[in-house]
Amino acid sequence: MSIGKRLRFFRKKAQMTQKELGLLAGCSPLSAEVRIAQYESGERTPRYLLREKLASALGVASAALSVPNIENDRELMHLLFALEDHCRMTITENDYAFRLEIPNQEFTLQSIDLLSWKEKQAQLREGEITKEEYDNWRYNF
């Protein structure tokens, strides 16, 4: 999903208008709505500092706005290929499943991160937390 689509997703989730988001992110009152519309349409891409302000206004981590575009199986495969290139990710297989492994180096996905994610999913499944609480945890990770 593109940054524009993510921006629109989080803005609607926060029940904000484009103008409200633009104003919260520090855009001028005259251009706030137009600028957010341009970002959401993909006509323009917000620079890093503005992306940080937008994320803060939306109550999410800035990384949540910058996820790669994954709209089909081929794009997912290319994300995995990029992880292979950048993180030396490998695929292993046992009798039960395939496993993605990232060696311990500068790009590490800590076991504790995956364990936390697994625990949050279990809490959601068991009704201990709401979908909103789960999403808030994910989007602010």
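Everything that follows concerns the structure shown earlier in this document.
Each chain carries its own residue numbering, running from 1 in the written order of its sequence. Note on the predicted model: pLDDT of at least 70 is required for a residue's local features to be given, and 80 or more for side-chain atom pairs to be given and counted; whole-chain, interface and lining totals, by contrast, use all residues. Here the side-chain values reflect all heavy atoms present in the structure, with hydrogen atoms and water set aside.

A. Local environment of the packing of aromatic side chains. Here a Phe, Tyr or Trp ring, Trp counted by its six-membered ring, pairs with any other such ring whose centre lies within 6.5 Å, and the pair is stacked when the planes are under 30 degrees apart, edge-to-face when over 60, and tilted otherwise. Applying the stated criterion across every chain yields a total of 5 aromatic pairs. Measuring from ring centre to ring centre gives 6.0 Å for Phe9 and Tyr139, while their planes differ by 80°; the resulting arrangement is edge-to-face. On the criterion of sequence distance, the pair formed by Phe9 in helix α1 (residues 3-13) and Tyr139 in helix α8 (residues 131-139) is long-range, its members being 130 residues apart. In this structure Phe9 comes out as partly exposed when scored by relative accessible area, which is 34%. Seen from their ring centres, Phe10 and Tyr139 are 4.7 Å apart, and the 80° between their planes marks the pair as edge-to-face. Of this pair, Phe10 sits in helix α1 while Tyr139 sits in helix α8; the two residues are 129 residues apart in sequence, bridging distant segments of the chain. Each residue is placed in one exposure class: buried if its accessible area under a 1.4 Å probe, protein chains only, is under 20% of its type's maximum, exposed if it is over 50%, and partly exposed if it falls in between. On the accessibility criterion, Phe10 (3% relative accessible area) is buried. With relative accessibility at 10%, the residue Tyr139 sits in the buried group. The way it works is that DSSP assigns letters per residue, a run of H or I at least four long becomes a helix, a run of E at least two long becomes a strand, and they are numbered from the N terminus.

B. Quick look at the packing of α1 against helix α4 (residues 48-58). Axis angles are defined between N-to-C directions and span 0 to 180 degrees, where every axis is a line fitted to C-alpha atoms and, for a helix, only to the segment in contact. Contact geometry of α1 with α4 gives a least axis separation of 10 Å together with a crossing angle of 25°. Classified by the interaxial angle, the pair formed by α1 and α4 is roughly parallel. Handedness of the crossing formed by α1 with α4: left-handed. Contact residues: Ile3, Leu7, Phe10 and Arg11 in α1; Arg51, Leu54 and Leu58 in α4. A class-by-class count of the residues in the contact of α1 with α4 yields 5 nonpolar, no polar and 2 charged. Note on angle classes: values under 35 degrees are labelled roughly parallel, values over 145 roughly antiparallel, values of 65 to 115 roughly perpendicular, and the remainder oblique. Helix crossings fall into two classes, left-handed where the near helix is turned counterclockwise from the far one by less than a right angle and right-handed where it is turned clockwise. Any two residues whose heavy atoms approach within 4.5 Å at even a single point are treated as in contact. All residues other than Ala, Val, Leu, Ile, Met, Phe, Trp, Tyr, Cys, Pro, Asp, Glu, Lys and Arg, Gly among them, are scored as polar; the first ten of these are nonpolar and the last four charged.

C. Molecular detail of the environment of Tyr134. Mapped onto the secondary structure, Tyr134 falls in helix α8. Along the sequence, Tyr134 and Leu124 sit 10 residues apart, while their C-alpha atoms lie 6.7 Å from each other.

D. Quick peek at the nonpolar core. Grouping buried Ala, Val, Leu, Ile, Met, Phe, Trp, Tyr and Cys residues that are joined through side-chain atoms within 4.5 Å yields what is termed a nonpolar core. Among the nonpolar cores identified, the biggest contains 16 residues, and Leu7, Phe10, Leu21, Leu54, Leu58, Val60 and Leu65 are the most heavily contacted of them. Sorting the residues of this core by element identifies α1, α3 (32-41), α4 and α5 (62-65) as the ones contributing at least two each. Tallying contributions element by element places α4 first for this core, with 4 residues. Not counting residues within four places of it along the chain, the set of residues in contact with Leu65 comprises Ile3, Arg6, Leu7, Phe10, Arg51, Leu54, Ala55 and Leu58.

None of this, on its own, says anything about what the molecule does.
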